[in-house]
Amino acid sequence: MFKFKIKSYLLEEVYFMTNSLIKTEIQIKEIKDFFEKALASKLNLTRVSAPLFLKCNTGLNDNLNGTERPVKFEILADKIEAEVVQSLAKWKRWSLKRYGFNPYTGLYTDMNAIRRDEELDNIHSIYVDQWDWEKIIFKSDRNKEYLKKTVKDIYEVFRETEQFVNSNLNPISFKLPENIYFITTQELEDLYPELSPKERENEICKDKGAVFLMEVGDLLKSGIKHDGRSPDYDDWHLNGDILVWYPVLNIAYELSSMGIRVDKETLEKQLGKSNCKNRTNLEFHQEILKERLPYTIGGGIGQSRICMYFLNKLHIGEVQSSIWDEKNKKFSFKNNIDFL
């Protein structure tokens, strides 16, 4: 778990220039508006409405690492059981078919989730807000070259947003590098075998500035996983996270998780590795196994995460409204922070 180690000079240089709450809210809206429009244009996406909750036992909700508990409730009408989304990774692929999208077009939506088991700190909240996006590709596009091309497109949107913020809102003292660096989790383990996965991310991001860390979810040569990833949406060998170095906290900072989605063969293999073969009977999984869903690529981009990054904030509570424990409340008071 990330420990709060904030040097006082960071507070002096960045923090006592913090905006008022209402000015922060205005800047959040401007950043989101700019980024959303640029992302949709770059990836050829159309905005759609998103569900806040889904029926249980359809397989459409995101299981994340398999241990997080979704928020469940009963709907009075017909005693239907529903659960609040944890992400829309699988719902989007389902919807691309329902809406009749064509290859190389896709959708994006505002995803709001509750992750009740999250450990709260500077960058983690029980409330998650992100742009969830998904687009249709051909089977021949299921390769690292197409994945990297899409990553570069998204990274270009981050750079365009940085220019917009610097010119119009809040000049920042650090800068995204011109290019994003690609490395696999195994290559990273080979490079820093004595470090933990998070420590490896810190080292490579501090060195490169912006990194796409590929192949997340499968076991490494050491016998451990770099990080957990649900077995039924990303192909573990065609996915990854966009990470940048964040000097305000001196950490590798995740802005996006994305990947080319599983096909029939990959789904069967990853469910077997995860001891989740019981999911094959769920409606969503049956559609993949019967090859009735399109091949897709997709991901999520943290809305509060990018606002926190571009506005030089010390805590994610400064750019989103959530509920915080005593540890984080004390931290905000000690560091002169106003939470939204």
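Residues numbered from 1 in each chain as written. Predicted model: local features only at pLDDT ≥ 70, side-chain atom pairs only at ≥ 80, totals over all residues. Heavy atoms only, no water.

Taking an unreviewed UniProt entry as the reference, the chain is identified by name as Aspartate--ammonia ligase belonging to Clostridium gallinarum. Quoted verbatim from the Catalytic activity (unreviewed entry) heading of the UniProt record, the comment on the chain is "L-aspartate + NH4(+) + ATP = L-asparagine + AMP + diphosphate + H(+)". Reading the Sequence similarities (unreviewed entry) entry of the UniProt record for the chain gives the comment "Belongs to the class-II aminoacyl-tRNA synthetase family. AsnA subfamily." (UniProt positions renumbered as here; feature names shortened; annotations may be inferred.)

K.L.:
Got a sec to walk through a nonpolar patch on the surface? Specific residues and values, please.
P.N.:
A contiguous nonpolar patch, built from Leu52, Phe53 and Phe73 and spanning about 270 Å² of accessible area, is present on the exposed surface. Tracing the chain through its elements places Phe73 in strand β3 (residues 72–75). (Patch = residues over 30% accessible without salt bridge, like charges linked within 9 Å, V, L, I, M, F, W, Y side chains within 5 Å. Areas by Shrake-Rupley, 256 points an atom, 1.4 Å probe, with all protein chains shown as cover. Salt bridge = Lys/Arg side-chain N within 4 Å of Asp/Glu carboxyl O. Helix = DSSP H or I, 4+ residues; strand = E, 2+ residues; numbered from the N terminus.)

K.L.:
Before we move on, could you go through the packing of aromatic side chains and cite the residues and values that matter?
P.N.:
A complete count under the given rule lists twelve aromatic pairs for this structure. Arranged with centres 4.9 Å apart and planes meeting at 35°, the rings of Tyr246 and Tyr253 form a pair that is tilted. In terms of burial, Tyr246 and Tyr253 fall into one category: buried. An angle of 20° between the planes, with centres 6.2 Å apart, marks the rings of Tyr253 and Tyr309 as stacked. Note that Tyr253 is positioned in strand β10 (residues 251–261) and Tyr309 in helix α9 (residues 303–310), a separation of 56 residues in sequence. The two residues Tyr253 and Tyr309 agree in class, both being buried. Residue placement shows Lys148 over the ring face of Phe182; its charged tip is 5.4 Å from the ring centre. Lying over the aromatic face of Tyr253, Arg305 brings its terminal NZ or CZ to 5.3 Å of the ring centre. (Phe/Tyr/Trp six-rings, centres within 6.5 Å; stacked < 30°, edge-to-face > 60°. Buried < 20%, exposed > 50% of the residue type's maximum accessible area, 1.4 Å probe, protein only. Lys NZ or Arg CZ within 6 Å of the ring centre and 35° of its normal.)

K.L.:
Go over the pairing of strand β11 (residues 296–302), please, and point to the residues and values.
P.N.:
Where burial is concerned, most of β11 is hidden: seven out of the seven residues are buried. Burial of β11 is two-sided: the residues Thr296, Gly298, Gly300 and Gly302 facing one way and the residues Ile297, Gly299 and Ile301 facing the other way are all buried. Relative to β11, β10 is paired through five bridges, and the arrangement is antiparallel. Across the sheet, the residue bridging to Ile260 is Ile297, located in β11. (Pairing = 2+ DSSP bridges.)

K.L.:
Quick one: what's the story with unusual backbone geometry, residue by residue and with numbers?
P.N.:
In the Ramachandran plot, Asn250 falls in the positive-phi region, its phi being about 55° despite a non-glycine side chain. In this structure, Asn250 sits in the loop between β9 (234–246) and β10. Judged by relative accessible area, which is 31%, Asn250 ranks as partly exposed. Located in the positive-phi region is Glu291, a residue other than glycine, with phi close to 55°. Assignment of secondary structure puts Glu291 in the loop between α8 (283–289) and β11.

K.L.:
Any details on the confidence of the model for the chain? Residues and values, ideally.
P.N.:
When pLDDT is averaged along the chain, the result is 87, and 93% of the positions lie at 70 or above. When pLDDT is averaged over each element of the chain, strand β7 (residues 181–184) comes out on top at 98 and helix α1 (residues 8–14) at the bottom at 35. Low pLDDT, under 50, characterises residues 1–17; the stretch is placed with 33 contacts to residues that sit more than four places away or in other chains. (pLDDT = per-residue confidence, 0-100. Contact = heavy atoms within 4.5 Å.)

K.L.:
Got a sec to walk through the sheet that holds strand β1 (residues 45–47)? Specific residues and values, please.
P.N.:
As summarised here, the arrangement of the eight strands in space is β1-β5-β6-β11-β10-β9-β8-β7, forming an open sheet in which the pairing is mixed. At either end of the open sheet lies a strand with only one pairing partner, and these are β1 and β7. Strand-to-strand twist across the sheet, computed as the mean angle between neighbouring axes with direction ignored, equals 25°. Here helix α3 (residues 89–99) sits on the sheet in contact with β5 (106–114), β6 (127–136), β10 and β11, set at roughly 40° to β6. Across the sheet, helix α6 (residues 197–208) touches β7, β8 (210–214), β9 and β10, and the angle it forms with β9 is around 60°. (Axes fitted to C-alpha atoms, helices over the stretch in contact; angles between N-to-C directions.)

K.L.:
Just give me the short version of helix α7 (residues 264–273), but keep the residues and values in it.
P.N.:
Each full turn of the α-helix corresponds to 3.6 residues, which orients residues three or four apart in the same direction. Those residues of α7 that sit buried are Thr266, Leu267, Gln270 and Leu271. With its buried residues spanning 125° around the axis, α7 presents them on a single face. If you follow the buried residues of α7, they end up packed against β9 and α8. Backbone geometry just after α7 places Asn275 at a positive phi near 55°. (Arc of directions from axis to C-beta.)

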